Structure formats: C-alpha cells, structure tokens
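A look at the structure
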Amino acid sequence: MEIRIGITNSGRELSFESSQSTSEIEKLIADALDSSKSYFTISDDKGKSYIIPTAGLAYVEIGSEETRRIGFVG
C-alpha cells in the first residue's frame with residue numbers, strides 16, 4: 001500500500017510503498033503521538049526504514065490495500 005507523509009516546513013512529502021497493513025500503520029502512529037515519543041519508524045517494501053519526527057508531522061495518507069489490476073478494464 002502507498003503511504004504519503006507530510007512534514008511541516010517542507011515543500012516535499014515522503015512517499016513509499018509498505019507491506020504493513022492499514023491498522024498496523026495507524027496503531028504505530030497513534031501510539032507514537034499518544035505517548036509523546038519524538039519519532040516513529042516505518043519500513044518500506046524494499047527494506048528501507050524511515051524515521052519520522054512526530055513534532056514535524058503534518059499529515060499521513062494511507063492508501064488502500066486493494067491490489068492493482070493488470071490489463072485492460074472493460
């Protein structure tokens with residue numbers, strides 16, 4: 001699924017694909033914000049880890065878990 005994260009005072013957003021479920025990502029971010037942690041970590045499909053500062057978090061957009069269709073749609 002695609003994840004897009006906006007960081008305050010930055011004109012660009014962080015965008016990547018992750019194999020984590022929507023509920024896992026939501027829980028990870030909510031736990032970090034509720035416990036006043038200074039950052040949280042998310043991994044992408046390729047094994048890269050992203051450390052995101054909670055203080056600079058503007059938004060998180062979590063794409064659907066729907067699989068992409070291949071071929072023509074009629």
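Owing to the predicted nature of the structure, the values given are computational and were not obtained by experimental measurement.

So, the sheet that holds strand 5 (residues 57-62)
- On the basis of which strands lie adjacent, the open sheet formed by three strands has the order 2-1-5 and antiparallel pairing. A strand with exactly one partner marks an edge of an open sheet, and here the two such strands are strand 2 (13-17) and strand 5. Put simply, the sheet's adjacent strands are angled 15 degrees from each other on average, direction ignored.
- When strand 1 (residues 2-7) meets strand 5, the two strands line up antiparallel, connected through five bridges. Bridging from a neighbouring strand, Gly 6 pairs with Tyr 59 of strand 5.
- Set on the sheet, helix 1 (residues 22-34) makes contact with strand 1 and strand 5; between it and strand 5 the angle comes to about 165 degrees.

Concerning the environment of Ser 49
- Within the element layout of this structure, Ser 49 appears in strand 4 (residues 49-53).
- The residues contacting Ser 49, other than those within four sequence positions of it, are Thr 41, Ile 42 and Ser 43.
- At a separation of 3.4 Å, a polar atom in the side chain of Ser 49 contacts the side chain of Ser 43.

Examining the pairing of strand 1
- Looking at chain direction, strand 1 and strand 2 are connected through five bridges and run antiparallel. Across the sheet, residue Gly 6 finds its bridge partner in strand 2, namely Glu 13.
- Counting the residues in the hairpin turn of strand 1 and strand 2 gives five residues, including Asn 9, whose phi is positive at 60 degrees.

Structural notes on the environment of Met 1
- Relative to the helices and strands, Met 1 is located in the segment before strand 1.
- Note: C-alpha distance between Met 1 and Phe 16 (15 residues apart in sequence) is 8.3 Å.

Cut-offs and rules
Residues numbered from 1 in each chain as written. Predicted model: local features only at pLDDT ≥ 70, side-chain atom pairs only at ≥ 80, totals over all residues. Heavy atoms only, no water. Pairing = 2+ DSSP bridges. Helix = DSSP H or I, 4+ residues; strand = E, 2+ residues; numbered from the N terminus. Axes fitted to C-alpha atoms, helices over the stretch in contact; angles between N-to-C directions. Contact = heavy atoms within 4.5 Å. Polar contact = N/O pair within 3.5 Å; in protein donor to acceptor, adjacent residues only side chain to side chain.

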